[in-house]
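Residues per chain are reported as follows:
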Amino acid sequence: MELNTKQIMEILPHRAPFLLIDRIEELESGKRAVGRKAVTYNEPFFAGHFPQEPVMPGVLICEALAQTGAVALLSCEKYKGKLAFFGGINKARFRRKVVPGDVLRLETELVKIKGPVGVAKATAYVDDEICTEAELTFVVQ
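So, here is what we can say about the structure in this document. Note that the structure is a prediction, hence the values are computed from the model and not measured.

Rules behind the numbers
- Residues numbered from 1 in each chain as written.
- Predicted model: local features only at pLDDT ≥ 70, side-chain atom pairs only at ≥ 80, totals over all residues.
- Heavy atoms only, no water.
- Helix = DSSP H or I, 4+ residues; strand = E, 2+ residues; numbered from the N terminus.
- Rg over C-alpha atoms; globule rule 2.2 N^0.38 Å.
- Buried < 20%, exposed > 50% of the residue type's maximum accessible area, 1.4 Å probe, protein only.
- Contact = heavy atoms within 4.5 Å.
- Areas by Shrake-Rupley, 256 points an atom, 1.4 Å probe, with all protein chains shown as cover.
- Lys, Arg positive; Asp, Glu negative; His and termini not counted.
- Charge placed at Lys NZ, Arg CZ, Asp CG, Glu CD.
- Phe/Tyr/Trp six-rings, centres within 6.5 Å; stacked < 30°, edge-to-face > 60°.
- Lys NZ or Arg CZ within 6 Å of the ring centre and 35° of its normal.
- Expected span 1.5 Å × (residues − 1).

Turning our attention to the overall build of the chain. Check the secondary structure of the chain and you find 2 helices and 6 strands. In the chain, the succession of helices and strands from N to C terminus is α-β-β-α-β-β-β-β. For 141 residues, the compact-globule estimate of 2.2 N^0.38 gives 14 Å, and the chain sits close to it at 14 Å. With the principal axes as the frame, the chain shows a C-alpha extent of 45 × 30 × 25 Å. Looking at the chain as a whole, 43% of its 141 residues qualify as buried. Once local pairs closer than 6 in sequence are excluded, the contacts in the chain between residues at least 24 apart make up 60%. Per element, the accessible surface of the chain, about 7600 Å² overall, is 53% carbon and sulfur. Taken together, the 19 basic and 18 acidic charged side chains of the chain have centroids lying 7 Å from each other.

What follows concerns unusual backbone geometry. Residue Pro17 is bonded to the preceding Ala16 through a cis peptide linkage, with omega at 5°. Within the secondary structure, Pro17 is located in the loop between helix H1 (5-11) and strand S1 (23-28). A cis geometry characterises the amide bond from His49 onward to Phe50, with omega recorded as -10°. Following the sequence through the fold, Phe50 ends up in the loop between strand S2 (32-38) and helix H2 (58-74). Even without a glycine there, the phi angle at Lys91 is positive, about 55°. Positionally, Lys91 belongs in strand S3 (residues 84-94).

With that settled, consider the packing of aromatic side chains. A ring pair, where both rings are aromatic, is described by two values, the distance of the centres and the angle of the planes. Applying the stated rule across the entire model yields 1 aromatic pair. The side chain of Arg105 reaches across the aromatic face of Tyr125, ending 4.2 Å from its centre.

The subject of this paragraph is H2. Compared with an ideal rise of 1.5 Å per residue, which puts 17 residues at 24 Å, H2 spans 24 Å between its outermost C-alpha atoms and is within 8% of the ideal. With respect to burial, H2 is a largely interior element, 14 of its 17 residues being buried.

As structure tokens, then:
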């Protein structure tokens, strides 16, 4: 199942400039999602990070991965209308810079959910190269 930006905004509360996914290309509700983010020079964070060498902050890549996972989670009937918050970011690794012109492929798999707390395995790619990996802990309210 694919979702465009409008459909993503029906699931997530995020809005510009903080909605960090453009589309969902694959969705297995309650299990996993694959999203896309086209990184352009016009992103607001590039004004200060860094003006001479624009680089997407790693924490925003983690946020984009979390938003992708939130679509997988919050698209489930059980969680509709709820919010997913970060509980932690573990084992984060940043393997290459993400710069204007890159297209991020964001893959997030929900690996464990117990009550309101869960864990997701998240990997971001540019082309076929891993740029970011992390284990994301979330809390649903």
